[in-house]
Amino acid sequence: MAARSTTGAIFGLVLGLALLVAGGQALWTWLDRPIERVTIKGDFDHVSAAYLQRHIAPLIRGQSWLSVPLGEVRRRALAIDWLSEVSISRRWPDTLEFELFEQQPVAYWNDGELLNVRGDAFQAGPVTQLGNLPNLAGPKGSGSEVLAELDALQSQLGGLGLNVSQLRLEPRGAWRFQVNDSVWVMLGRNDREARLARFMAAWQRRLGDEASQIRYIDLRYPNGVAVAWHGETTAPEEGMDS
């Protein structure tokens, strides 16, 4: 009698578990419906919502609302040009909501890319005109270093009415920059602060008044600067002490 009672209890437990599993499967099937709607939120200054929709659509094609792997979709969405951050959530009953954050470009980079505020490089994508951004270049991964150097130069030279329009970090560590879209300055690798001070003094003393005639200024001299003038093939050294 006890054995029969135990067998009945086990049977009831198994039956209950089977019904629970079946009910769970039915509930999952009912919830895991096709994605019927995708919404995109965000403020976009440089790319259009249509561009983003066109690139997001393939990421969820063939997916269902409950089964879609949000983490994987987010990872792939972050590879889309111009996106710096992505947030994805489900909205009952059949909607996926994307909140997208656009990159904030601060400079052109290496003749084809852009830099964001952190100095990370990203592709320009569909945008061709971004206004008056400085043009920077450097070895791969040096974006934050070059951007920091740009900020330092702008701060030091702004008082002279000079704007750094281009800045280059060469593979061997030498720096050169262009001011006001015209004059190039060869800063080099060593003693950059002293050389920059020498440039500023020379600019205030004489060179600023003759800027339209100057091709480039070379600061890689112990006590002076060399100036290359338009129409000349060599750069005669100017005896300007720091």
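Conventions we followed
Residues numbered from 1 in each chain as written. Predicted model: local features only at pLDDT ≥ 70, side-chain atom pairs only at ≥ 80, totals over all residues. Heavy atoms only, no water. Pairing = 2+ DSSP bridges. Helix = DSSP H or I, 4+ residues; strand = E, 2+ residues; numbered from the N terminus. Axes fitted to C-alpha atoms, helices over the stretch in contact; angles between N-to-C directions. Contact = heavy atoms within 4.5 Å. Buried < 20%, exposed > 50% of the residue type's maximum accessible area, 1.4 Å probe, protein only. Core = buried A, V, L, I, M, F, W, Y, C linked by side-chain atoms within 4.5 Å.

Enquirer: Run through the sheet that holds strand β3 (residues 95-102), naming residues and quoting values.
Expert: Strand order in this open sheet of 3 strands is β1-β3-β2, and the pairing throughout is mixed. In this open sheet, the two strands that pair with only one neighbour each are β1 (37-41) and β2 (83-91). Ignoring which end each strand starts from, the neighbouring axes of this sheet average 20° apart. With 5 bridges connecting them, β1 and β3 associate as parallel partners. Pairing of R37 across the sheet is with T95, part of β3. Packing of helix α2 (residues 49-60) onto the sheet brings it into contact with β1, β2 and β3, and relative to β3 it is tilted by some 135°. Most of the contacts of helix α3 (residues 70-77) go to β2, to which it runs at about 155°, and overall it touches β2 and β3.

Enquirer: How would you sum up unusual backbone geometry? Please name residues and give values.
Expert: Most peptide bonds adopt trans geometry, and most residues besides glycine take a negative phi value. Cis geometry is found at the peptide bond from W92 to P93, where omega equals 5°. Structurally, P93 can be placed in the loop between β2 and β3. The phi dihedral of W82 falls on the positive side, at around 85°, and the residue is not glycine. Turning to its location among the elements, W82 is positioned in the loop between α3 and β2. Judged by relative accessible area, W82 falls into the buried class, the value being 1%. Located in the positive-phi region is D111, a residue other than glycine, with phi close to 50°. Relative to the helices and strands, D111 resides in the loop between β4 (105-109) and β5 (113-116). On the basis of relative accessibility, which here comes to 67%, the residue D111 falls in the exposed class.

Enquirer: Describe in detail the nonpolar core, supporting the description with residues and values.
Expert: Within the largest apolar cluster, 31 residues are counted, with the highest numbers of intra-cluster contacts made by L136, L167, F177, F199 and I217. Residue assignment for this core shows that the elements contributing at least two residues are β4, α4 (143-157), β8 (164-169), β9 (175-179), β10 (183-188), α5 (192-205), β11 (214-218) and β12 (225-229). Looking at which element gives the most residues to this core, the answer is α4, with 5 residues. Those residues in contact with F199, other than ones at most four positions away along the chain, are L157, L162, V185, I217 and L219. Listed in part, the 24 residues of the second largest apolar core include Y51, L114, V127 and L130.

Enquirer: So what's going on with the side chain of S142? Residues and values would help.
Expert: Position of S142 among the secondary structure elements: in the loop between β7 (135-137) and α4. Among the residues examined, S142 registers a relative accessible area of 7% and is labelled buried. With near-sequence residues (within four places) excluded, S142 lies in contact with W109 and L169.

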